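# Breakdown of the fold
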Amino acid sequence: MRNTWAQKIYDEVMNASSLTDVENIFNGTKFISKTEMGAILGEMIGGYNMNITDKLKIALKSKKYKENMDCVSENDEPIIICLLKSFFNNVRNGNIPNKTMLKAFIFDKTISYNWDVTNKQNETPFHVIINNANILNDLDFDHFFSEEIIGKINPLNKNECGKNIIQLFKEQNLIKNKNRKKKILNCFHNVVKSQTITIKSDCYKCCETEEL
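Residues numbered from 1 in each chain as written. Predicted model: local features only at pLDDT ≥ 70, side-chain atom pairs only at ≥ 80, totals over all residues. Heavy atoms only, no water.

### What to know about the packing of aromatic side chains
Two aromatic rings are characterised by how far apart their centres lie and by the angle between their planes. Evaluation of the coordinates by the stated rule reveals 7 aromatic pairs. An angle of 75° between the planes, with centres 5.1 Å apart, marks the rings of Phe87 and Phe88 as edge-to-face. Each member of the pair, Phe87 as well as Phe88, carries the same accessibility label: buried. Through successive ring pairs, a cluster of aromatic residues spans Phe87, Phe88, Phe107 and Phe144. (Phe/Tyr/Trp six-rings, centres within 6.5 Å; stacked < 30°, edge-to-face > 60°. Buried < 20%, exposed > 50% of the residue type's maximum accessible area, 1.4 Å probe, protein only.)

### Focus: the packing of helix H3 (residues 34-46) against helix H6 (residues 79-93)
The interhelical angle for the contact between H3 and H6, taken along N-to-C directions, is 10°, at an axis separation of 9 Å. Taken together, the axis directions place H3 and H6 in an arrangement best described as roughly parallel. Contacts from Gly38, Leu41, Gly42 and Ile45 of H3 reach H6 at Ile79, Cys82, Leu83 and Ser86. Across the contact of H3 with H6, the residue classes break down as 5 nonpolar, 3 polar and no charged. (Axes fitted to C-alpha atoms, helices over the stretch in contact; angles between N-to-C directions. Helix = DSSP H or I, 4+ residues; strand = E, 2+ residues; numbered from the N terminus. Parallel < 35°, antiparallel > 145°, perpendicular 65-115°, else oblique. Contact = heavy atoms within 4.5 Å. Nonpolar A, V, L, I, M, F, W, Y, C, P; charged D, E, K, R; others polar.)

### Focus on the side chain of Lys103
Position of Lys103 among the secondary structure elements: in helix H7 (residues 96-106). In terms of polar contacts, Lys103 uses its side chain to reach the side chain of Asp140, at 2.5 Å. With near-sequence residues (within four places) excluded, Lys103 lies in contact with Phe87, Leu139, Asp140 and His143. (Polar contact = N/O pair within 3.5 Å; in protein donor to acceptor, adjacent residues only side chain to side chain.)

### A look at the pattern of salt bridges
Scanning the model with the defined rule gives 9 salt bridges in all. Between Lys8 and Glu12 there is a salt bridge whose closest N-O contact spans 2.9 Å. You can see Lys8 and its partner Glu12 sitting in helix H1 (residues 4-15), 4 residues apart, about one turn around the helix. Judged by relative accessible area, Lys8 falls into the partly exposed class, the value being 42%. Among the ionic pairs, Lys30 bridges to Glu12, the shortest N-O distance being 3.5 Å. With Lys30 in the loop between helix H2 (19-27) and H3 and Glu12 in helix H1, this pair connects stretches of sequence that are 18 residues apart. (Salt bridge = Lys/Arg side-chain N within 4 Å of Asp/Glu carboxyl O.)

That's the geometry; what it means functionally is another story.
As C-alpha cells, then:
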C-alpha cells in the first residue's frame, strides 16, 4: 500500500483482537481521509477472505465510509467496482465461499454504494457486469439483471473505448443462451424507456402565443 497512514490503519484493523477495536477505528475519532478510506477498503476487498468478513462489514457500514462514499482504491477503482471485480475473480477461481459473501455485500441493502461512478478506464459498474455476465450461474444472473440493479444504471455511459453497455453487449456476444440474451435486451429496453423524456410537438405553442 502506497499510503503509509492507510497502511498503518489497515494493519491495526487486520491485527485487531476484537470487533470492538475495529468499530472504534472506523467510528471513533481516528482521522481517516477519503484517500485513506479508499486505500483501506480497496486492500480489504482485493485481498478478501472469509476471516475478514465481519471487519469489512463494519468498515462498509461505518461513519468514516458514509462520510467518504465517493472514495476510490489506490488503483482508482470506486468501491462498488472493487466489489464486483473481486466477486468475478472469485467466480473464476471457483472460490464459492468468497464469491457468496462478496455477492452478499453487493446486495446488502443496509450498505450504500454510489453506482453512478466510473474507474480510470471509464468503466461503469455495469460495464464490469456485462463483461463477466457469461460466467454467472442462473441464480446470480437473475440477481445481477434484476430491477434492483438495472434501475441504478445509465446505459449511455461509455468506457474508454467509446462503448456503452449496449454496444459492449452486442460486440462481445459471449452469452449464447437465448433466454439470457432476451432478458438483458429487455433490461436495456426498460432502462432506456424509463429515462426517455417525451416532449409533445405543440408544447411551445402556448408560450409563443403568450409572447405575441
